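If you want the building blocks of each chain, they are given just below.
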Amino acid sequence: MNKIRIGITQRELKLSNQKETYDSLDQNWFELANKCDIDLVLIPNRIINISDFIKKNKIKGFIFSGGGPITKNLGLNKKKNNNTNAFRDITETKIFKICKDRKIPILGVCRGMQSLNILFKGGITKIPGFVNKINYLKSFKSIYKNKYKVEKSIMSFHDYSITKNLLSKNLIPIYYSGRSIQMLKSKNEKILGIMWHPERGQLKKTNITIIKKFFNS
């Protein structure tokens, strides 16, 4: 079977004792991608020409991965400050705009889902109880239980959340836990967001199915 080529963004890591910044991705993503019949393409945060990179690497979709803070550079075309993830946020902004224009799918994971909501003019807020905690999912509508089959409980790793009043008007909530929206989709674009990390811990069949169906439908 030919694997679909999916670009995945990376977090920035700065070593305190060195004047160097690294692009970084959890190695578990590659095991998950293999089970999803995906060939991952790492996206450099200092990439010059996104369009050429997409064409050259035959990328058919993107994953906005988790990890690290969201900076004020998100939504901008050039760097406003030197905070960690500054270049990442500019790169994800450019990818987001291209994907909207070309109808290329994007899956946002944790931080990635928050970034998508912000790029759609939504917001995030700090809510306790979602860092290294087990949380239980509830669907906004009963029809979502069949269309998006998920685990009843998920492990959360996020300080910030999207609430209904901060959800972009372009997005539809699917699952929630407490006040925190845990899964969403776009009204018009092929965009999906989940707040849990499918690559961490035991790889669940439900997550594999969601990812495979999203990129292959």
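Relevant structure appears above.
Before going into details, it helps to say that this report is about the structure given with it.

Focus on empty space enclosed by the protein
To find the voids left in a structure, one rolls a probe of water-molecule size over its atoms. Within the structure shown, the criterion is met by one cavity of 30 Å³ or more. Within this model, the largest cavity holds a volume of roughly 30 Å³. Surrounding the largest cavity, Phe96, Cys99, Lys100, Lys103, Ile104, Ile106, Glu189, Lys190 and Ile191 form its lining. With three residues, the top contributor of residues to the lining of the largest cavity is helix H3 (residues 86-102).

A short note on the pairing of strand E12 (residues 171-177)
Along E12, five of the seven residues are buried, which leaves the element largely enclosed by surrounding structure. Where strand E9 (residues 138-139) meets E12, two bridges bridge the pair, whose relative direction is antiparallel. Bridging from a neighbouring strand, serine 139 pairs with tyrosine 175 of E12. Sheet topology note: the E12/strand E13 (residues 180-186) ladder contains six bridges and is antiparallel. Bridge pairing in E13 links leucine 171 to serine 186.

Structural notes on unusual backbone geometry
The phi angle at cysteine 110 is positive, at roughly 55°, despite the residue not being glycine. In this structure, cysteine 110 sits in the loop between strand E6 (106-109) and helix H4 (111-119). Within the chain, lysine 121 stands out as a residue other than glycine whose phi angle is a positive 75°. Within the secondary structure, lysine 121 is located in the loop between H4 and strand E7 (125-126).

Observations regarding the packing of aromatic side chains
Overall, the coordinates contain four aromatic pairs when judged by the stated rule. Seen in terms of ring centroids, phenylalanine 96 and phenylalanine 120 are 5.0 Å apart; in terms of plane orientation they differ by 90°. Their pairing is edge-to-face. One end of the pair, phenylalanine 96, is in helix H3; the other, phenylalanine 120, is in the loop between H4 and E7, with 24 residues separating them in the sequence. For phenylalanine 120, a relative accessible area of 5% puts it in the buried group. Summarising the aromatic geometry, the rings of phenylalanine 214 and phenylalanine 215 are spaced 4.9 Å apart at their centres and angled 70° between planes, so their arrangement reads as edge-to-face. Comparing phenylalanine 214 with phenylalanine 215, the two get one shared label, buried. In this structure, lysine 190 packs its charged tip against the face of phenylalanine 214, placed 5.6 Å from the ring centre. Over the ring of phenylalanine 157 we find arginine 200; its NZ or CZ atom is 4.5 Å from the centre of that ring.

Rules used throughout
Residues numbered from 1 in each chain as written. Predicted model: local features only at pLDDT ≥ 70, side-chain atom pairs only at ≥ 80, totals over all residues. Heavy atoms only, no water. 1 Å grid on protein atoms, 1.4 Å probe; cavity = no way out; pocket = protein on both sides within 12 Å on 5 of 7 lines; lining within 4 Å. Points joined across faces, edges and corners; volume = space filled by probe spheres on them. Helix = DSSP H or I, 4+ residues; strand = E, 2+ residues; numbered from the N terminus. Buried < 20%, exposed > 50% of the residue type's maximum accessible area, 1.4 Å probe, protein only. Pairing = 2+ DSSP bridges. Phe/Tyr/Trp six-rings, centres within 6.5 Å; stacked < 30°, edge-to-face > 60°. Lys NZ or Arg CZ within 6 Å of the ring centre and 35° of its normal.

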